[in-house]
Amino acid sequence: MQIVKTTEELKKIRRELEGKKIGFVPTMGGLHAGHLSLVNRAKSENEVVIVSVYLNPTQFNDKKDLETYPANFEDDAALLENAGVDYMFTPTYPVMYPDDYRYKVIETDFSKTLCGAKRPGHFDGVLTVVMKLFNLVRPTNAYFGEKDYQQYQLLKGMIEAFFLDINIVPCPIVREASGLAMSSRNRKLSPEGLALAPKFHEILASDGSLAEKQKKLEETGFKVDYITEVNGRLYAAVFLEDVRLIDNI
């Protein structure tokens, strides 16, 4: 696996790969089995796999959340190398934002709801960094997990709106045996929190109205950010021990 740190180096590599079928998995690090499922899917469907590992500050509206995000470069690099990734792109903020984030991509409707309602600017940062990565990597296929389903829908819309010649591939949520959706943020929970966290999905998947599910979540010890249905999909976000967890069904 080749580690790439600059846009110049990545552009040169991309020119050399012209004509190849390229799979791309963008990540923020703190990799787990959910990320590796995206990598394995990309490997099975492409000739070359590129993974970006970049903790993107522009999508964090909570500085503490950014500072405590559980990512370890050495661990992530070892996982990707063992998984057979061809290129790992690991830029810094000055590399990704030579304009210091003066230019950005925004969406004016769906991004203001659900996670976007409580995290102002979050999806501006997501859309902007992914657009930059798409322009650099120019993938054939780009892989995203359905745990962040709102994000997937917004990225799909961005691809369509800007006529990008990229196939976006949604991949099923990978869950622990307990039903808890895998997430880097799960590592921030205490052992007690980890034992309680699976109740989030269990309650979402149970029978009952949205109001009944919200009541059950609160009685169990979660602070509910939102629970709502959009186009036949149930979306929810909760806080447990000040750690924000999301899920959808």
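Relevant structure appears above.
In this report, we go over the structure that sits alongside the text. Keep in mind the model is a prediction, meaning the values are calculated, not measured.

So, the packing of helix H7 (residues 122–137) against helix H8 (residues 149–161)
Stage number 1. It is at 11 Å that the axes of H7 and H8 come closest, and there the two elements cross at 50°. Compared by their axis directions, H7 and H8 come out oblique. Along this stretch, H7 crosses H8, giving a crossing that reads as right-handed. Residues Phe123, Val126, Leu127, Val130, Met131 and Phe134 of H7 pack against Gln150, Gln151, Leu154, Leu155, Met158 and Ile159 of H8.
Stage number 2. Grouping the amino acids of the contact of H7 with H8 by side-chain chemistry returns 10 nonpolar, two polar and no charged.

Some remarks on the layout of surface pockets
Stage number 1. When its volume is computed, the largest pocket comes out at roughly 320 Å³.
Stage number 2. Taken together, 15 residues line the largest pocket, and the ones lying closest to its centre are Asp62, Asp65, Phe239, Asp242 and Arg244.
Stage number 3. Counted by class, the lining of the largest pocket contains two nonpolar, two polar and 11 charged residues.

Some remarks on the sheet that holds strand E3 (residues 48–53)
Backbone hydrogen bonds hold the strands of a sheet together, and the pairing may be parallel or antiparallel.
Stage number 1. Judged by pairing direction, the sheet is parallel, and its six strands sit side by side in the order E1-E4-E3-E2-E5-E6 without closing on themselves. Taken across any chain shown, the strands that pair with only one partner, and hence form the sheet edges, are strand E1 (2–4) and strand E6 (167–171). Across the sheet, the mean angle from the axis of one strand to that of its neighbour is 25°, orientation sign disregarded.
Stage number 2. Here strand E5 (residues 141–145) pairs with E6 via five bridges, running parallel. The partner of Gly145 across the bridge, within E6, is Cys171.
Stage number 3. Sheet strands in contact with helix H1 (residues 7–16) are E1, strand E2 (22–27) and strand E4 (87–89), and its direction is about 130° off that of E1.
Stage number 4. Across the sheet, helix H2 (residues 33–45) is in contact with E2, E3, E5 and E6; its angle to E5 comes to roughly 155°.

Considering the pairing of E2
Stage number 1. With six of six residues buried, E2 is to be regarded as a mostly interior element.
Stage number 2. Alternating residues of E2 divide into Ile22, Phe24 and Pro26 and Gly23, Val25 and Thr27, and every residue in both groups is buried.
Stage number 3. Across six bridges, the pairing between E2 and E3 is parallel. The residue of E3 that forms the bridge with Pro26 is Ser52.

Describing helix H4 (residues 73–83)
Because an α-helix packs 3.6 residues into every turn, residues spaced three or four apart end up facing the same way.
Stage number 1. Taken together, the buried positions of H4 are occupied by Asp76, Ala77, Leu80 and Ala83. Seen from one end, H4 has its buried residues packed into an arc of 130°, which puts them on one side. Looking at H4, the residues exposed on the side facing more than 90 degrees away from the buried face are Glu74 and Asn82.
Stage number 2. Looking at the buried residues of H4, the elements they touch are H2, E3 and E4.
Stage number 3. Where H4 begins, the side chain of Asn72 points an oxygen toward the backbone nitrogen of Glu74, at a separation of 3.1 Å.
Stage number 4. One or two positions beyond H4, positive phi appears at Gly84, with a value near 85°.

The rules behind these values
Residues numbered from 1 in each chain as written. Predicted model: local features only at pLDDT ≥ 70, side-chain atom pairs only at ≥ 80, totals over all residues. Heavy atoms only, no water. Axes fitted to C-alpha atoms, helices over the stretch in contact; angles between N-to-C directions. Helix = DSSP H or I, 4+ residues; strand = E, 2+ residues; numbered from the N terminus. Parallel < 35°, antiparallel > 145°, perpendicular 65-115°, else oblique. Left-handed = near helix turned anticlockwise from the far one by under 90°. Contact = heavy atoms within 4.5 Å. Nonpolar A, V, L, I, M, F, W, Y, C, P; charged D, E, K, R; others polar. 1 Å grid on protein atoms, 1.4 Å probe; cavity = no way out; pocket = protein on both sides within 12 Å on 5 of 7 lines; lining within 4 Å. Points joined across faces, edges and corners; volume = space filled by probe spheres on them. Pairing = 2+ DSSP bridges. Buried < 20%, exposed > 50% of the residue type's maximum accessible area, 1.4 Å probe, protein only. Arc of directions from axis to C-beta. Polar contact = N/O pair within 3.5 Å; in protein donor to acceptor, adjacent residues only side chain to side chain.

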